[in-house]
Amino acid sequence: MKKECRTFLLVIFIVLFSFFLLACAQQQMPISQESVEMASETVPAPVLETSPIETNNLTVNQPAIQETKVQELKCSRKFSPQFNAGSYYQDALFDAHFHMPPAFEDEHEESPLFFPKGFRVPVLGKEITLNEILCTFDKEKVIGAITFNTWEYEKQEQSIQNLADMKKQLPAGVHLFLMPAELEAKELDEAISSHKGVFDGFGEIVFYDPDREGATPDDRISLEINNIAEKHKFIVMFHPDSGQETNVENALKKNPNVKFLLHGPQIEDSITALIEKYPNLYYSIDTILIRKPSFKGPLMYTVTSKEEYQREFTQNFDVMLNDAVNKWKRRIEQHPDRFMWGTDRAGDWHFDEDVSVLLEEYTRAFIARLDPEVQEKFAYKNAERLIAER
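Conventions used here
Residues numbered from 1 in each chain as written. Predicted model: local features only at pLDDT ≥ 70, side-chain atom pairs only at ≥ 80, totals over all residues. Heavy atoms only, no water. pLDDT = per-residue confidence, 0-100. Contact = heavy atoms within 4.5 Å. Phe/Tyr/Trp six-rings, centres within 6.5 Å; stacked < 30°, edge-to-face > 60°. Helix = DSSP H or I, 4+ residues; strand = E, 2+ residues; numbered from the N terminus. Buried < 20%, exposed > 50% of the residue type's maximum accessible area, 1.4 Å probe, protein only. Salt bridge = Lys/Arg side-chain N within 4 Å of Asp/Glu carboxyl O. Pairing = 2+ DSSP bridges. Axes fitted to C-alpha atoms, helices over the stretch in contact; angles between N-to-C directions.

Things to note about the confidence of the model for the protein
Averaged over all residues, the pLDDT of the protein equals 84, while 79% of them reach at least 70. Every residue in residues 20-73 is under pLDDT 50, and counting partners more than four places away or in other chains gives 42 contacts. Here residues 109-113 is a poorly scored stretch, pLDDT under 50, and it has eleven contacts once near neighbours within four places are set aside; other chains count.

In structure tokens, the structure reads:
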């Protein structure tokens, strides 16, 4: 009897326990279903993928954000004028005078006009990178440039090969000119011939350099360089010294098939007359576009620091702009196919973002004051055509 009683109680316990488990399971079902429904409505977090972005015709891998608002490219910059200059030119630019920083320490003698106290050139790859330079071009809407490139004489072949390697990393609109420096004509010809397609011209060749005292645009060495330029269909860019107008004319006469690009304050008073006589002559108005009326030298090369440049630039913006318009507007409009814009950047702080902003605003304010039919020619088309038709 006791055994039967125990069995009966065990059966009752099992039945009650089963009902208990069933009730718990039913109670959990709605919660589980609700969780599934909520999960199906949750928006997934943005997924980062690497996609190519073209910057100045260079393809760079950067994160592309999906399912979120498209962000501005790193190398873009909204043009936000700081000065009340009225209208501004809005289109593309071509820097026809740009000193590419060398990949080695390059010393410059100080000159009261061109290299003030403290002037130094940054080292490419160490103090400034090629990507940073191209990024600045993008921000300023610079679609091309004529760059002047130095090299180490003791490491001639390797230096020129380094420039050839750099050329492969550049957009199609950025052109390399080789500074002949100490090379003899035969060595120069061999260097160019062994690196075809790398260079488009010679320059900048300077004649105001104290180390080249007595050198002129029509001396034996210069004429030999011009002959090599004609052979390779190169442009020759040089900066004459004061009192060398006759020498410049002789060079233009002796090489009528070579296109010459000049710049500098030493020749500015004679340039219009020379342009009218010689169809193979061009002139870039670059750093001398920004200078105080009482100064012959450009502001960029008469101050000793970025801070001084910013201060002088801000205080004299209007007077410098008006003086530049009075000086150059008529000349450019009379010869709309022969003048072109540039910056003449070379020193370390010349490449700073703060300076870039000022240069761009001044440039766009100046170009806006030219005849609308001339603006794009001066800004970029003349330089592009000079390269294309060489």
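Re the packing of aromatic side chains
One pass over the full model with this rule turns up 20 aromatic pairs. Ring centres of Phe-207 and Phe-238 lie 5.6 Å apart, and the angle between their planes is 90°; on these two criteria the pair is classed as edge-to-face. In this pair, Phe-207 is assigned in the loop between β6 (199-206) and α5 (220-232) and Phe-238 in strand β7 (residues 235-239), connecting sequence segments 31 residues apart. Assigned by exposure class, Phe-207 and Phe-238 land together as buried. Through a chain of ring-to-ring contacts, three or more aromatic side chains come together here, namely Phe-83, Tyr-309, Phe-313, Phe-317, Trp-349 and Tyr-362.

A closer look at the pattern of salt bridges
Taken as a whole and assessed by the stated rule, the structure comprises 24 salt bridges. Across the pair Lys-327 and Asp-269 runs a salt bridge whose closest N-O atoms are separated by 3.4 Å. One end of the pair, Lys-327, is in helix α8 (residues 306-334); the other, Asp-269, is in the loop between β8 (260-262) and α7 (271-277), with 58 residues separating them in the sequence. Residue class for Lys-327 comes out partly exposed when judged on its relative accessible area of 26%. Assessed through its relative accessible area of 55%, Asp-269 is described here as exposed. The shortest N-O distance in the salt bridge between Lys-381 and Glu-376 comes to 3.1 Å. On the accessibility criterion, Lys-381 (38% relative accessible area) is partly exposed. Taken together, the shared-partner salt bridges in this structure form one network comprising Arg-77, Lys-139, Glu-353, Glu-360 and Arg-364.

Some remarks on the sheet that holds strand β9 (residues 281-285)
If you trace the eight strands from one edge of the open sheet to the other, you get β3-β4-β5-β6-β7-β8-β9-β10, paired in parallel fashion. In the strand order of this sheet, the two ends are held by β3 (93-99) and β10 (339-341), each with one partner. Each strand axis lies, on average, 25° off the axis of its neighbour in the sheet, ignoring direction. As judged from the five bridges shared by strand β4 (residues 142-149) and strand β5 (residues 174-178), these two strands associate in the parallel manner. Along β5, the bridge assignment pairs Phe-148 with Phe-177. Packed on one face of the sheet, α5 meets β6, β7 and β8 and runs near 165° to β6.

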